[in-house]
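Tertiary structure, described
Residues per chain are reported as follows:
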Amino acid sequence: MAYHDPLTELPNRHGLERYFKDDFFGGISGAVFFVDLDRFKSINDTLGHDIGDLLLREVSARLTCCVGGQGKVFRLGGDEFLIALPDCAVVAAEEVAQHILQELKKSYSIEGNELYVTASVGISMTPAHGTDRSALMKAADTALYTSKDSGKNKFSVFDLEMNRHQVRRMSLEKDLRKALARSEFMVVYQPKWDSLLNVTVGLEALLRWRHPEHGVISPGEFIPIAEETGMIVPITYWMLHEVCGQNMLWHQAKVASVAVSINMSARMFEGGSLYEVVEEALTRSGLAPHFLELEITESIAMNNMEETVAQLSKLRELGVRVSLDDFGTGFSSLGNLDEIPVNTLKIDQVFIRKSKMHSKKAIISNIIAIASNLNMEVVAEGVETTEQIELLQSLGCRVMQGFYYGRPMPVKELGQWFIENTA
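Residues numbered from 1 in each chain as written. Predicted model: local features only at pLDDT ≥ 70, side-chain atom pairs only at ≥ 80, totals over all residues. Heavy atoms only, no water.

**So, the overall build of the protein**
Per the secondary structure count, the protein includes 16 helices and 16 strands. Principal axes of the C-alpha set define a box for the protein whose edges measure 75 × 50 × 45 Å. Within the span of the protein, comprising 423 residues, buried residues form 48% of the whole. Considering only residue pairs separated by 6 or more positions, the protein has 68% of its internal contacts joining residues 24 or more positions apart. Total accessible area on the protein is roughly 20,600 Å²; 51% of this is exposed by carbon and sulfur atoms. Within the protein, the 56 negative side-chain charges are centred at a point lying 4 Å from the centre of the 41 positive side-chain charges. (Helix = DSSP H or I, 4+ residues; strand = E, 2+ residues; numbered from the N terminus. Buried < 20%, exposed > 50% of the residue type's maximum accessible area, 1.4 Å probe, protein only. Contact = heavy atoms within 4.5 Å. Areas by Shrake-Rupley, 256 points an atom, 1.4 Å probe, with all protein chains shown as cover. Lys, Arg positive; Asp, Glu negative; His and termini not counted. Charge placed at Lys NZ, Arg CZ, Asp CG, Glu CD.)

**Here's the deal with the packing of helix H14 (residues 358–373) against helix H15 (residues 386–395)**
Two numbers describe how H14 lies on H15: the axes approach to 10 Å, and their chain directions differ by 45°. By the criterion of interaxial angle, the relationship of H14 to H15 is oblique. Between H14 and H15 lies a crossing of right-handed hand. Seen from H14, the contacting residues are Lys361, Ile364, Ser365 and Ile368; seen from H15, they are Leu391, Leu392 and Leu395. (Axes fitted to C-alpha atoms, helices over the stretch in contact; angles between N-to-C directions. Parallel < 35°, antiparallel > 145°, perpendicular 65-115°, else oblique. Left-handed = near helix turned anticlockwise from the far one by under 90°.)

**Observations concerning the layout of surface pockets**
Taken as a whole, the largest pocket holds about 840 Å³ of empty space. Surrounding the largest pocket, 33 residues form its lining, Glu204, Leu206, Pro219, Asn263 and Asp325 being those nearest its centre. At the level of secondary structure, the elements contributing two or more residues to the lining of the largest pocket comprise strand S9 (199–211), helix H7 (219–229), helix H8 (232–252), strand S11 (259–263), strand S12 (292–297) and strand S13 (321–327). By volume, the second largest pocket is sized at about 380 Å³. Together, 20 residues line the second largest pocket, and Val201, Arg321, Glu377, Val379 and Val399 are the ones closest to its centre. Going through the elements one at a time, strand S8 (185–194), S9, H14 and strand S15 (377–380) are the ones with two or more residues in the lining of the second largest pocket. In terms of residue class, the lining of the second largest pocket is built from nine nonpolar, five polar and six charged. (1 Å grid on protein atoms, 1.4 Å probe; cavity = no way out; pocket = protein on both sides within 12 Å on 5 of 7 lines; lining within 4 Å. Points joined across faces, edges and corners; volume = space filled by probe spheres on them. Nonpolar A, V, L, I, M, F, W, Y, C, P; charged D, E, K, R; others polar.)

**Brief notes about the pattern of salt bridges**
Inspection of the entire model under this criterion finds 21 salt bridges. Across the pair arginine 321 and glutamate 377 runs a salt bridge whose closest N-O atoms are separated by 3.1 Å. Linking arginine 321 in strand S13 with glutamate 377 in strand S15, this pair joins segments that are 56 residues apart in sequence. Since its relative accessible area comes to 18%, arginine 321 is described here as buried. (Salt bridge = Lys/Arg side-chain N within 4 Å of Asp/Glu carboxyl O.)

**As for the pairing of strand S14 (residues 344–347)**
Neither face of S14 is open: one carries Thr344 and Lys346, the other Leu345 and Ile347, and all of them are buried. Looking at chain direction, S13 and S14 are connected through three bridges and run parallel. Each residue of the ladder has a partner; that of serine 323, found in S14, is threonine 344. Pairing analysis gives four bridges linking S14 to S15, with the strands arranged parallel. Of the residues in S15, the one forming a bridge with isoleucine 347 is alanine 380. (Pairing = 2+ DSSP bridges.)

**Focus: the side chain of serine 124**
Of note, serine 124 is situated in strand S6 (residues 119–126). There is a polar contact of 2.8 Å between the side chain of serine 124 and the backbone oxygen of leucine 136. (Polar contact = N/O pair within 3.5 Å; in protein donor to acceptor, adjacent residues only side chain to side chain.)

**Remarks on the sheet that holds strand S3 (residues 80–85)**
The mixed open sheet is built from five strands, whose spatial order is S2-S3-S1-S6-S7. Looking at the sheet topology across the chains shown, the edges are occupied by strand S2 (72–77) and strand S7 (155–157). Pairs of neighbouring strands in the sheet enclose a mean axial angle of 20°, with direction left out of account. Where strand S1 (residues 30–37) meets S3, six bridges bridge the pair, whose relative direction is antiparallel. Bridging from a neighbouring strand, valine 32 pairs with alanine 84 of S3. This element, helix H4 (residues 90–104), spans S1, S3, S6 and S7 of the sheet and lies at about 165° to S6. Contacts between helix H5 (residues 133–149) and the sheet are confined to S1, S2, S3, S6 and S7, with S6 contributing the most and set at about 145° to the helix.

**So, unusual backbone geometry**
In this chain, threonine 126 is followed by proline 127 through a cis amide linkage whose omega measures 0°. By secondary structure assignment, the location of proline 127 is in the loop between S6 and H5. Despite not being glycine, glutamate 111 has its phi angle at roughly 45°, a positive value. Within the secondary structure, glutamate 111 sits in the loop between strand S4 (108–110) and strand S5 (113–115). Owing to a relative accessible area of 65%, glutamate 111 belongs among the exposed residues under this scheme. Located in the positive-phi region is asparagine 198, a residue other than glycine, with phi close to 55°. By relative accessible area, asparagine 198 is classed as partly exposed at 47%.

**Here we look at the state of the cysteines**
Across all of its chains, the model carries zero disulfides by this definition. Looking at cysteine 65, it has no disulfide partner, and the nearest cysteine sulfur is the one in cysteine 66, 6.3 Å off. Of the residues examined, cysteine 65 reaches a relative accessible area of 63% and is grouped as exposed. (Disulfide = S-S within 2.5 Å.)

**Some words on the pairing of S6**
Counting buried residues in S6 gives eight out of eight residues, a clear majority hidden from the surface. Residues of S6 alternate between two faces, with Ala119, Val121, Ile123 and Met125 on one and Ser120, Gly122, Ser124 and Thr126 on the opposite face, all of them buried. For S1 and S6, the ladder comprises eight bridges, and the chain directions are antiparallel. What sits directly across from aspartate 36, in S6, is serine 120. Both S6 and S7 contribute to a ladder of three bridges, which runs parallel. Across the sheet, the residue bridging to valine 121 is phenylalanine 155, located in S7.

Structural measurements only, silent on function.
If you want it as structure tokens, here you go:
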């Protein structure tokens with residue numbers, strides 16, 4: 001009983017230790033698999049733990065069937081399984097992983113419910129990735145993380161590059177928790193330009209992290225970590241106060257009088273306190289609400305739409321502006337677009353970059369028409385050439401943002417830029 005899991009009757013962690021001590025090592029090459037179900041929590045949350053337990057039993061039966069007499073399946077806890085194949089080369093391990101993914105994603109019929117679940121798999125090999133249980137499990141876990149990170153329902157075999165990536169990620173996550181207290185974040189601003197009137201009509205505030213050892217870390221690298229850990233929430237709180245305060249200083253100095261937009265994470269809508277946070281930042285800075293714009297993506301708008309729309313509507317009533325970022329690349333339904341309280345649609349730079357293609361030109365034209373019919377403004381992102389400007393103007397889009405008009409600049413540089421390009 002001590003060595004087996006009562007739910008699935010598979011060997012447990014204690015059984016795993018005994019197996020590795022007595023039976024695993026000795027062959028030329030062996031494989032260790034970490035198998036983790038994707039989004040298993042949502043099944044437990046929606047259908048209850050009893051159904052979840054029955055699903056785990058079915059999964060363990062399928063895993064045992066896939067492995068057959070080649071090796072052993074263990075349940076580590078929750079929806080985590082480990083498979084040990086003591087005599088297995090890399091090619092064979094990849095074939096087994098592919099077979100596991102295929103079998104697990106087939107439908108499950110459990111107490112009248114038709115369920116579907118996928119898995120992510122990480123593989124480590126002995127002796128290449130370790131010659132003891134601990135090292136092999138650590139390597140398989142790192143490979144599993146890579147599978148989950150690259151879209152789930154995949155398998156990955158451990159390699160050294162993966163390890164470097166994981167070590168750096170863990171190091172950045174640790175440092176990110178202290179970065180706010182250490183004032184390592186800064187805000188840069190990119191102008192939005194009215195190409196017909198030749199004036200700045202807005203700015204987008206973008207977050208940058210100056211790491212004391214690694215220099216400036218790319219937002220593409222640290223924002224996903226901040227999202228995953230929830231650190232994005234206090235960082236965005238800080239950014240709201242910073243941006244509103246800075247914009248107020250520009251107003252007082254009569255340098256500029258434009259709205260500044262800030263990107264919002266889906267995490268900001270989870271607690272239901274976004275309104276209070278925004279209101280506090282505006283009150284403390286003295287900035288009028290229409291000089292603040294919140295940028296959301298389509299996927300945020302569509303995720304828990306009712307709740308998101310309720311929060312955005314309240315902010316719109318306050319006077320805060322809302323724009324829909326990366327429009328045309330997310331998962332929104334045109335049937336819902338008119339229900340989302342939005343002032344501006346931003347055309348994603350993917351379309352602008354390929355605007356010479358007839359199909360992309362047609363999409364840009366239609367986005368502009370939709371915005372016009374719904375009384376929304378349009379901003380084109382990623383504008384870099386005069387050809388792009390001429391095309392956008394001919395299609396009826398006048399407000400643009402991109403390197404042609406100005407790169408993201410820190411406050412000091414922007415002051416000078418304003419003088420040269422009177423706002």
